[in-house]
Amino acid sequence: MSEPGRTASAYLPDTYGGRAGELEHFLREVARDLRGPGEELDADPGAVSRFLHLPAVRIQQHMLTPARYARDRDLLPRFVPAEASCAEWVLAAEWLAYGDPGMTLASPGPALSTAVLRALADEAQRDWFFTRTSDWPSWSFFALTEPGKGSAATELTARLDPAPGGDGWVLTGEKMYIGNGAHARAGVVFCRRAPGPWGIEAVMVDTGDPGFHAEMLPMTGLRGARISRLRFDGMYIPPERILGRDRPRSRRGLQGALQAMLWFRPSVAAFALGAGRAACDYVLEQRPALAGADRAQVDGLADRLRRLRRLLHEVAAEIDAGSPNTFRVSGVKMRAAHLAEDATMLAARLLGPASLVEHPWLDKLYRDVRAFEFMEGTGNVHRRGVFQGLLRDDYFTPRDRDVRPGRAVEGVI
Amino acid sequence: MTTDASATFGDYPALLDALHADVAPGRLVASPSGRVLASAQALGEDGTRRFTRFGLVCVPAPGGSARDDVTAGRFAEGLLTLQRTVVHRTLTHTIARLGERTSEGTSLLTRPQLQADLADVAMELREAAVEPAEETGRDLRWARHMRLTRAGRVLLRLLGGSSMLAEGPGIDLYLAEVTGNVYLQPEEGDGDV
């Protein structure tokens with residue numbers, strides 16, 4: 001057992017060196033600023049406007065924006081990269097969520113849409129989108145999920161019909177549970193132009209255009225994310241706003257959605273791990289003398305978080321290397337979401353009766369973490385993904401199969 | 001089982017008030033740690049002092065609150081019945097909602113994983129409904145509360161994003177968890193009293 005007073009964060013391996021080491025140190029420092037604002041945001045989801053000066057609030061926009069549109073170079077250290085790799089963004093996402101997941105998702109920036117733009121957009125489209133999202137502060141959204149349909153990309157019903165006169169398109173339909181939808185300046189909407197998987201398109205919308213309607217949904221958790229319902233009521237979409245319009249149909253809409261979700265899914269796992277780690281550390285800060293079976297439970301959870309973090313960094317590196325394993329990504333995301341729930345429930349128990357009343361930040365985190373189950377696919381969907389990986393003999397790595405005596409010791413060292 | 005996809009949610013505070021009134025007419029029941037959790041209406045002006053979220057208020061137990069062991073035990077059993085009611089209602093709602101949804105042309109309810117999850121919750125509910133053979137102590141009640149909590153969370157996972165809506169099916173389960181945290185969770189070293 002570890003010595004008393006040691007936090008779960010201190011269990012982390014020294015994963016990074018060099019520039020990434022500097023980045024992690026910086027993230028660790030600035031994430032501290034998010035906790036108080038996170039509580040304010042929980043009471044008033046619009047309160048993020050009072051905290052736009054915080055470096056941690058600027059990180060998302062900077063790291064998810066291509067370098068030539070990034071405007072925070074003078075406000076953030078040089079080692080905070082623009083157009084971050086998946087591994088770099090995962091590192092940031094985990095630390096920011098450690099500070100506060102609600103503040104992280106409330107921060108301005110291109111969010112998940114950046115991954116679709118990376119996958120599908122031409123230069124003019126990048127220019128259109130990132131010029132808008134680079135204005136400070138401005139938010140964007142990624143609209144895939146529909147009422148009653150969930151986020152199954154192949155089943156969406158929002159329609160893209162030819163515009164009268166033949167120039168451009170008309171977007172009609174609804175989207176549900178869209179982060180920052182009601183406050184965004186621009187976004188990417190997935191819709192159906194024709195039946196079948198290749199009939200799906202991704203289009204960029206400007207929320208100032210006629211036909212766009214949005215309302216914020218009152219939520220129990222992650223209230224700062226300002227999750228919204230969107231309605232597109234015959235919204236005109238110029239032809240140049242169809243992402244990947246010059247590509248074959250098999251290599252644009254649906255492929256963009258899948259690539260974006262694959263790129264972003266590890267960061268949802270990172271949000272969950274960061275929040276789970278924060279819950280463990282909070283217990284140890286509040287109960288530094290925790291010992292015996294209770295302490296062992298925190299240690300056990302911290303150990304699981306540490307192991308999953310290693311797996312998370314591996315899948316992110318595979319994505320950056322262009323050889324992603326979707327099955328392993330699914331497994332990591334699902335397990336991370338469950339661990340975060342386990343961590344907050346354990347924290348509530350270990351901090352004693354009425355802990356959810358006496359510790360408002362814990363109560364907030366307790367509600368927030370449930371959302372990670374639903375972001376980027378539910379646990380059952382990912383379970384099926386892992387099973388598909390087993391069927392194809394493509395889930396375990398050679399390391400997982402290596403049962404030589406002493407291999408475990410090598411792994412630790 | 002009847003299904004009711006249009007079930008209304010958010011009445012847990014009123015149900016909790018009714019439990020207070022049933023167990024201790026004219027008074028509020030204090031938690032073992034000396035707090036009272038009830039609706040803002042029931043607590044009147046005191047309701048502005050300490051908020052949890054979404055309609056429940058927690059205050060130090062007012063003078064005249066019921067604190068004796070017999071009343072506390074009846075109230076605790078009532079809380080478990082209330083939580084079981086809420087989980088059952090959510091199970092009904094979940095079956096209805098999933099039955100309405102299709103994927104790849106078939107009902108979601110045809111998926112073995114979902115069927116197994118729903119069956120597990122149903123079995124937990126039946127077990128929880130059995131009258132205890134002998135008097136139940138605080139540790140055992142807490143364990144029952146946690147089993148119901150986990151059953152409820154299975155349903156919330158199945159319901160997806162709608163379970164996070166403040167006026168959706170997740171709110172009453174959350175409030176039942178908070179109430180259990182205040183009234184049912186044993187203090188360290190309480191033992192099974």
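Not measured: the values here are computed from a predicted model.

Each value, and the rule that gives it
- Residues numbered from 1 in each chain as written.
- Chains lettered and ligands numbered in written order.
- Predicted model: local features only at pLDDT ≥ 70, side-chain atom pairs only at ≥ 80, totals over all residues.
- Helix = DSSP H or I, 4+ residues; strand = E, 2+ residues; numbered from the N terminus.
- Contact = placed C-beta atoms within 7 Å.
- Nonpolar A, V, L, I, M, F, W, Y, C, P; charged D, E, K, R; others polar.
- pLDDT = per-residue confidence, 0-100.
- UniProt positions renumbered as here; feature names shortened; annotations may be inferred.
- Domains from an automatic or database assignment.
- Core = buried A, V, L, I, M, F, W, Y, C linked by C-beta atoms within 7 Å.
- Buried ≥ 20, exposed ≤ 12 C-beta atoms within 10 Å, placed from the backbone.
- Arc of directions from axis to C-beta.
- Pairing = 2+ DSSP bridges.
- Axes fitted to C-alpha atoms, helices over the stretch in contact; angles between N-to-C directions.
- Parallel < 35°, antiparallel > 145°, perpendicular 65-115°, else oblique.
- Left-handed = near helix turned anticlockwise from the far one by under 90°.

### So, the overall build of chain B
Okay, so step 1: In terms of regular secondary structure, chain B is built from six helices and four strands.
Okay, so step 2: Taken from the N to the C terminus, the helices and strands of chain B come in the order α-β-α-β-α-β-β-α-α-α.
Okay, so step 3: Of the contacts formed within chain B by residues at least 6 apart in sequence, a portion of 73% connects residues at least 24 apart.

### Brief notes about the interface of chain B and chain A
Okay, so step 1: Contacts between the two partners involve 29 residues from chain B, matched on the other side by 30 residues from chain A.
Okay, so step 2: At the level of secondary structure, the elements contributing two or more residues to the side of chain B that touches chain A comprise helix 4 (112–129), helix 5 (138–159) and helix 6 (170–183) of chain B.
Okay, so step 3: Counting residues per element, the side of chain B that touches chain A draws most heavily on helix 6 of chain B, at six residues.
Okay, so step 4: Classifying every residue of the side of chain B that touches chain A by side-chain character gives twelve nonpolar, ten polar and seven charged.

### Details of the confidence of the model for chain B
All names here are of chain B.
Okay, so step 1: With 88% of its residues at a pLDDT of 70 or more, chain B has an overall mean of 88.
Okay, so step 2: Averaged pLDDT values for the elements of chain B fall to 84 in strand 3 (residues 102–103) and rise to 97 in helix 1 (residues 12–23).
Okay, so step 3: Scored below 50 in pLDDT, residues 1–6 shows 14 contacts in the model against residues more than four places distant or in partner chains.
Okay, so step 4: With a pTM of 0.92, the predicted complex shows an ipTM of 0.91.

### Thoughts on the UniProt feature "domain: Acyl-CoA dehydrogenase/oxidase C-terminal" (unreviewed entry) in chain A
Okay, so step 1: Cross-referencing UniProt, the feature "domain: Acyl-CoA dehydrogenase/oxidase C-terminal" (unreviewed entry) maps to residues 252–389 of chain A in the present numbering.
Okay, so step 2: Its end C-alpha atoms 25 Å apart, residues 252–389 of chain A is made of 81% helix and 0% strand.

### Considering the domain arrangement of chain A
Residue and element names in this part refer to chain A.
Okay, so step 1: According to the domain assignment, chain A contains domain 1 (8–108), domain 2 (123–251) and domain 3 (261–412).
Okay, so step 2: Contacts between the two partners involve 24 residues from domain 1 and, on the opposite side, 27 residues from domain 3.
Okay, so step 3: Counting residues per element, the ones that place at least two in the side of domain 1 that touches domain 3 are helix 2 (35–43), helix 4 (86–99) and helix 5 (101–106).
Okay, so step 4: Ranked by residue count, the leading element in the side of domain 1 that touches domain 3 is helix 4, at ten residues.
Okay, so step 5: Residues belonging to the side of domain 1 that touches domain 3 are distributed by class as follows: 14 nonpolar, six polar and four charged.

### Describing the nonpolar core
Residues and elements named next belong to chain A.
Okay, so step 1: If you look at the biggest cluster of nonpolar residues, it comprises 175 residues, and the most contacted ones within it are Val203 and Ala272.
Okay, so step 2: Ranked by residue count, the leading element in this core is helix 8 (residues 253–286), at 20 residues.
Okay, so step 3: Setting aside chain neighbours within four positions, we find Ala272 in contact with Ala336, Ala337, Leu339, Ala340, Val369 and Phe372.

### Here's the deal with unusual backbone geometry
Residue and element names in this part refer to chain A.
Okay, so step 1: Note that the residue after Trp136, namely Pro137, is joined by a cis bond; omega there is -10°.
Okay, so step 2: Looking at where Pro137 falls in the secondary structure, it is placed in the loop between helix 7 (123–133) and strand 1 (139–143).
Okay, so step 3: In this structure, Glu83 is a non-glycine residue whose phi angle is positive, near 45°.
Okay, so step 4: C-beta crowding within 10 Å serves as the criterion here: with 18 such atoms nearby, Glu83 is assigned to the partly exposed category.
Okay, so step 5: At Ala111, a position not held by glycine, the phi torsion is positive, near 50°.

### Things to note about the UniProt feature "domain: Acyl-CoA oxidase/dehydrogenase middle" (unreviewed entry) in chain A
Okay, so step 1: What UniProt calls "domain: Acyl-CoA oxidase/dehydrogenase middle" (unreviewed entry) maps, in this numbering, to residues 142–234 of chain A.
Okay, so step 2: Between the first and last C-alpha atoms of residues 142–234 of chain A the distance is 19 Å; the span itself is 0% helix and 47% strand.

### Quick look at helix 2 of chain A
Okay, so step 1: Among the residues of helix 2 of chain A, Pro37, Gly38, Leu41 and Asp42 of chain A are the ones counted as buried. When helix 2 of chain A is viewed along its axis, its buried side chains cluster within an angular range of 145° and face the same direction.

### Describing the pairing of strand 2 (residues 159–162) of chain A
The side chains of a regular strand alternate, residue by residue, between the two faces of the sheet.
Residue and element names in this part refer to chain A.
Okay, so step 1: Summarising the sheet, strand 2 and strand 3 (residues 169–178) pair through four bridges and their orientation is antiparallel. Bridging from a neighbouring strand, Asp161 pairs with Val170 of strand 3.
Okay, so step 2: In this antiparallel pair of consecutive strands, strand 2 and strand 3, the connection spans six residues, and Gly165 shows a positive phi of 100°.

### Considerations on the confidence of the model for chain A
Residues and elements named next belong to chain A.
Okay, so step 1: Taken residue by residue, chain A gives an average pLDDT of 90. The fraction at 70 or more is 92%.
Okay, so step 2: No element of chain A has a lower mean pLDDT than helix 15 (residues 407–412), at 48, and none a higher one than strand 7 (residues 228–237), at 98.
Okay, so step 3: Scored below 50 in pLDDT, residues 1–16 shows 26 contacts in the model against residues more than four places distant or in partner chains.

### Regarding the environment of Leu311 of chain A
Residues and elements named next belong to chain A.
Okay, so step 1: Structurally, Leu311 can be placed in helix 9 (residues 292–320).
Okay, so step 2: Judged by the 18 C-beta atoms lying within 10 Å of it, Leu311 is partly exposed.
Okay, so step 3: The sequence separation of Leu311 and Ser140 amounts to 171 residues, and the corresponding C-alpha distance is 30 Å.

### Some remarks on helix 12 (residues 360–368) of chain A
Every α-helix carries 3.6 residues per turn, so stepping three or four residues along brings you back to the same face.
Okay, so step 1: Extensive coverage of helix 12 of chain A is indicated by the burial of seven of its nine residues.
Okay, so step 2: Where the residues of helix 12 of chain A are buried, they touch helix 2, helix 5, helix 8, helix 10 (326–350) and helix 11 (355–358) of chain A together with helix 6 of chain B.

### What about the packing of helix 4 of chain A against helix 8 of chain A?
Residues and elements named next belong to chain A.
Okay, so step 1: Between helix 4 and helix 8, whose axes approach to 7 Å, the crossing angle comes to 30°. Regarding the angle of helix 4 to helix 8, the classification is roughly parallel. Helix 8 is crossed by helix 4, and the crossing has right-handed handedness. Mapping the contact onto sequence places Cys86, Trp89, Val90, Ala93, Glu94, Trp95, Leu96, Ala97 and Tyr98 in helix 4 and Trp263, Pro266, Ser267, Ala270, Phe271, Leu273, Gly274, Ala275, Arg277 and Ala278 in helix 8.
Okay, so step 2: A per-class count over the contact of helix 4 with helix 8 returns 15 nonpolar, two polar and two charged.

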